[in-house]
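Structural overview
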Amino acid sequence: MEHRHRSGDLKQQNKSFKAGKHDSKGAIKRRAQGKIETNARQSIKNLAQISTKEQMKNKNQKLSQSKKMELLERKRLGLPDIVAPRVVSIIKLSQGCDTSKIREMLLNKFKIITNENGMEVETAVKDENQFPTVSITSKVRMMLLECPSMEYDQVIEYCKLSDIILFVVDANQEKLNSEAERIFSIVKAQAVPTVMELIQNLDLVPQKKKNDVKKSIQSVFHFHFPDEPKVLPIDTVDECNQVLRYIENIHVNEIIWRKVRPYLLIEKASYIEDTKTVTIDGFLRGNNLSAKQIIHIPDFGDFQISKIESIEDPHIRRKSYYSSGNNSSMDQDSKTNVLDSSEPNERDTLQTWNVPDPLDAEQSLPTEEEIEQSKKKKLVPKGTSSYQSSWYLDNDEEEENFENENMDGDDDMMNEEPEQEEEEEEEEENDMIDGDDGDDEPDELVEVKESNKWKGIKHKHQITDDLLKSDDEDDEKSENEDEEIQDEDERKRLQDDEMLYPDEVDTPGNVPSRVRFSRYRGLKSFRSSPWDPKENLPIDYAKIFQFHSFNQSMKASVTILQKAPVKPDMYVRIHLVNGPKELTEREITSTSIPAVAVGLYRYENKVSLLHFSIEKHKSFEDTVKSKDEVFFHFGWRKFSTNPIYSISSPNCDKQKFEKFLLPGRNTMATIFGPITYPPAPLLIFNGKECNELIATGHLSSVNPDRIICKRIILTGVVAKSLSKKFVTVKDMFYYPEDINWFKKIELYTKMGRIGHIKEPLGTHGRMKCIFDGTMHQQDTICMNLYKRVYPKWIDENSNLLRLE
């Protein structure tokens, strides 16, 4: 009989698997796909019950109570009863779209009725010269703007201001063009506001293809904006009303970099002849504003504020609802209230850079006492020069000892301190510098003559300024040659060579390496080797500002701004000292490029060294070289500059310089520019016209001590193997003095060996080297040299440079 196992009373009973309870909230949300989950215990009969009158009454009471609490809270904070209108911009994504038609359809529903001498007049907007503002409900207002074209510089200005963006696409266009793709990239690079997509001319599509067209457009839109699923047609009045309902109830995304600073859309600008000031009107948005701050207006510059006034909101339709007892016929300018004012000594200065004094480090003039002490004579041996006489101490004890030692009393051995003659100075200078005969030799010299010419230079102090200029001249010459190369194919070839052989340079044959690369140095470790950030700085660093602690200064500036008296959502009038008259002559309409005024934090108009984290845009295929002129849209600012590019090294205070902005990697761009507190987005274009988007990024830090090092690699080949570890290397240097100069720098090979130079061999630049392993004949010997580089200074004609 076959035996079978039977479980006993002590058999282990495992718990059953509970599916779904271990899922995360995101997994449950994705599985639900927007469906509303109901309680399983609740019956369908209970769900179908209609609320009683008492329940409806309690609900309405809670709603009215919450509105009253919100109104009391706004009064406590000093805010107006009604918030500023939402800025809604209409941007087309194809040339076939008619945005003006959509604008008229959205405004057609709101007709303002005014009584003039007992006659009723209907108008679509209150004032055609200003931005049209309508009240969707008693609390929600909309300021409707229309972008006139698809040019990137105009689209950027509208995107910076907009709370809601309405993208318009043509239903007859199957795919979005490249311009629409770049517009999406621009919007995403500046932080995404609330966006919606409107389909125009969908009624012209056959009925069978409508769903397919709508799905294809919706899929492309969801690919770029997955959190914004609103894709609606807009061809009829009912569809237009549906769009307005979405605008009323939609959640408006908060953009942090825009919210932290006060700004206003300039609706009206005027010039006051008596006070020589320019006034600008508009709704204050974002953060608080103080009269001690500086106002920045793009394309015009920075200006000081004399006072800020609160004026009556011109866009309120029923003024008696918000302010009782106000006469609508009264001029709104007569009812002004000064919110804040400032004296000239209280305002932030407009000076953006320091003017360095070239004589600041010079020695001061000697006093009369120092001159008399210098004339004092002392006894020294005969034939002693003035340089050697400084070794003898000038005191009585030394003189007595010196006299006792000379017992013979020979007076010829002692004399007064002689003055150094011109002949002795010339001889010493010739001995200390290079021993050159001073003959003018032709530029084209034989290698042996060049070797004799530079043979006397064995120490760094012997290299004069004239010799150091050769390094800069060669660098400038190579940069100028690259700029002269207009052929894009040639620039791409240079970029490909840089990617294949990064930082490799040819050793010059006519100039010794110790002179050509005298500004370079060797580092044991690029990450951990010390480098003083204050060493040998150019004169441009004396013009900039630096923080003792950037984070503390930023926190202090934010704290000051939080206590400012002018609150957001107010309709204010700002008086600018010496404001731009060109702004008053500018025609302000709903289709013109909007003018913006932005309040700056303290020190945000000063110039310092800025570092940006950027990435090259995939649509731009041309080469971009360091120090090439590009156009920055940086936060609210825009200006031309010449950045240098580098690769950030982790856990290191040094960055590696890059000749080209290469795709597919995160790069750092460094410029001299106005101080800005992060966050701040960045868009880089190839010119002021903003035709092509080069890169996108954001502000990383403001730090003049960040070191950017240019690396060069000198290479040589194995000429002869003396043993497994000893080899003879050629083609790295051409003079034996150069080998002794760079003897202490470590060598490495492309196959991973590490070594150093033992000694030079012969007079043609060969050297004996030792490595830590067996060497191969086809291996390449390399030496790394580093030099600190700096960006170009700001153009003198730029509005970023300003003196008080």
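Residues numbered from 1 in each chain as written. Predicted model: local features only at pLDDT ≥ 70, side-chain atom pairs only at ≥ 80, totals over all residues. Heavy atoms only, no water.

To continue, consider the overall build of the chain. Helix and strand counts for the chain stand at 21 helices and 33 strands. With 804 residues in all, the chain has 43% of them scored as buried. Here the chain has roughly 47,600 Å² of accessible surface; of this, 47% comes from carbon and sulfur atoms. (Helix = DSSP H or I, 4+ residues; strand = E, 2+ residues; numbered from the N terminus. Buried < 20%, exposed > 50% of the residue type's maximum accessible area, 1.4 Å probe, protein only. Areas by Shrake-Rupley, 256 points an atom, 1.4 Å probe, with all protein chains shown as cover.)

Summarising the element assignment, K543 is placed in the loop between α18 (513-516) and α19 (550-562). Excluding residues within four positions of it along the chain, K543 makes contact with W353, N354, P356 and W793. (Contact = heavy atoms within 4.5 Å.)

Once that is clear, we can look at the side chain of S162. Position of S162 among the secondary structure elements: in the loop between α5 (152-161) and β6 (164-170). Polar contacts involving the side chain of S162 include one to the side chain of S89, which spans 2.5 Å. Side-chain polar atoms of S162 contact the backbone oxygen of Y158, separated by 2.4 Å. Those residues in contact with S162 that sit more than four places away from it in its chain are V87, S89, P193 and R258. (Polar contact = N/O pair within 3.5 Å; in protein donor to acceptor, adjacent residues only side chain to side chain.)

The strand order across the open sheet built from six strands is β4-β5-β1-β6-β7-β8, with neighbouring strands paired in mixed fashion. Among the strands making up the open sheet, the edge pair consists of β4 (133-135) and β8 (231-233). Mean inter-strand twist for the sheet, computed between neighbouring axes without regard to direction, equals 30 degrees. Pairing of β6 with strand β7 (residues 194-200) involves seven bridges; the strand directions are parallel. (Pairing = 2+ DSSP bridges. Axes fitted to C-alpha atoms, helices over the stretch in contact; angles between N-to-C directions.)

With respect to burial, strand β18 (residues 571-577) is a largely interior element, six of its seven residues being buried. Pairing analysis gives seven bridges linking strand β11 (residues 277-285) to β18, with the strands arranged antiparallel. Across the sheet, the residue bridging to G282 is V572, located in β18. Pairing geometry for strand β13 (residues 301-310) and β18, over six bridges, is antiparallel.

On inspection of all chains with the given rule, the structure shows 22 aromatic pairs. Here the aromatic rings of F547 and F550 are separated by 5.3 Å at their centres, their planes lie at 75 degrees, and the arrangement is edge-to-face. Grouping residues by exposure puts F547 and F550 together as buried. An aromatic cluster is present here, built from W353, Y541, F672, Y790 and W793 joined pairwise through their rings. Cation over ring: R521 sits above W531, and NZ or CZ is 4.1 Å from the ring centre. Stacked on the ring of F526, the Lys or Arg K654 has its end atom at 5.9 Å from the ring centre. (Phe/Tyr/Trp six-rings, centres within 6.5 Å; stacked < 30°, edge-to-face > 60°. Lys NZ or Arg CZ within 6 Å of the ring centre and 35° of its normal.)

An ideal rise of 1.5 Å per residue puts 21 Å on 15 residues; helix α7 (residues 210-224) measures up with 22 Å between its terminal C-alpha atoms. Those residues of α7 not exposed but buried are V213, I217, F221 and H224. Buried residues along α7 cover an arc of 60 degrees about the axis, so they all sit on one side. In α7, the exposed positions angled more than 90 degrees off the buried face are occupied by N211, D212, K215 and F223. Residues of α7 that are buried sit in contact with β6, α6 (178-189), β7 and β8. (Expected span 1.5 Å × (residues − 1). Arc of directions from axis to C-beta.)

Time to look at α5. With nine of 10 residues buried, α5 lies mostly within the body of the structure. Within the span of α5, buried status applies to Y152, Q154, V155, I156, E157, Y158, C159, K160 and L161.

Quick look at the nonpolar core now. Counting 48 residues, the largest nonpolar core has F167 and F685 as its most contacted members. If you tally residues by element for this core, the top one is α5, at six residues. When residues of this core are assigned to domains, at least three map to each of domain 1 (86-110 + 125-253) and domain 2 (255-315 + 337-355 + 543-603). Beyond its immediate sequence surroundings of up to four residues, F167 is in contact with I91, L93, I183, F184, V187, V195, M196, E197, L198, F221 and F225. Ranked by size, the runner-up nonpolar core spans 38 residues in total, among them Y541, L561, A669 and I675. (Core = buried A, V, L, I, M, F, W, Y, C linked by side-chain atoms within 4.5 Å. Domains from an automatic or database assignment.)

For the rest of this paragraph, the subject is the pattern of salt bridges. Enumeration over the complete set of coordinates arrives at 24 salt bridges. Note that E254 and K259 form a salt bridge whose closest N and O atoms lie 3.0 Å from each other. The class for K259 is partly exposed, based on a relative accessible area of 41%. Across the salt bridge formed by E604 and R261, the nearest N and O atoms sit 2.8 Å from each other. Pair noted here: E604 is in the loop between β19 (596-600) and β20 (607-616) and R261 is in the loop between α9 (256-259) and β9 (263-265), with a separation of 343 residues, a long-range link. When its relative accessible area of 2% is taken as the criterion, E604 is described as buried. A network of salt bridges, in which partner residues are shared, links D503, K656, E658, R665 and R711. (Salt bridge = Lys/Arg side-chain N within 4 Å of Asp/Glu carboxyl O.)

This part covers the pairing of β11. The buried fraction of β11 is high, at nine of nine residues. Pairing of β9 with β11, which is carried by two bridges, proceeds in the antiparallel orientation. Bridging from a neighbouring strand, L264 pairs with L284 of β11. When strand β10 (residues 268-272) meets β11, the two strands line up antiparallel, connected through five bridges. Bridging from a neighbouring strand, S270 pairs with T279 of β11.

With respect to the helices, strands and loops of the structure, P80 is situated in the loop between α3 (53-76) and β1 (86-92). Separated by 491 residues in the primary sequence, P80 and Y571 place their C-alpha atoms 9.0 Å from one another. The contact partners of P80, leaving out residues within four places of it in the chain, are R74, P568, D569 and M570.

In contact at an axis separation of 10 Å, α5 and α6 are set at 35 degrees when each is read in the N-to-C sense. In this structure, α5 crosses over α6, and the sense of that crossing is right-handed. Across the interface between the two elements, Y152, V155, I156 and C159 from α5 touch E179, R182, I183, I186 and V187 from α6. (Left-handed = near helix turned anticlockwise from the far one by under 90°.)

On to the confidence of the model for the chain, then. Chain-level pLDDT for the chain is 79 on average; 75% of the residues reach the 70-or-more range. Contacts for the low-pLDDT stretch residues 319-332, under 50 throughout, to residues beyond four places or in other chains number 13 contacts. (pLDDT = per-residue confidence, 0-100.)

Our next topic: unusual backbone geometry. P678 connects to P679 through a cis peptide bond whose omega is 5 degrees. Mapped onto the secondary structure, P679 falls in the loop between β25 (667-674) and β26 (681-685). Positive phi values are uncommon outside glycine, yet K627 reaches one of about 70 degrees. Looking at the secondary structure, you find K627 in the loop between β20 and β21 (630-634). Note on K627: relative accessible area 21%, which makes it partly exposed.

Mapped onto the elements of the fold, V205 is located in the loop between β7 and α7. Among the residues examined, V205 registers a relative accessible area of 9% and is labelled buried. The spatial distance from the C-alpha of V205 to the C-alpha of A171 is 7.3 Å, given a sequence separation of 34 residues. The residues contacting V205, other than those within four sequence positions of it, are A171, N172, K210 and V213.

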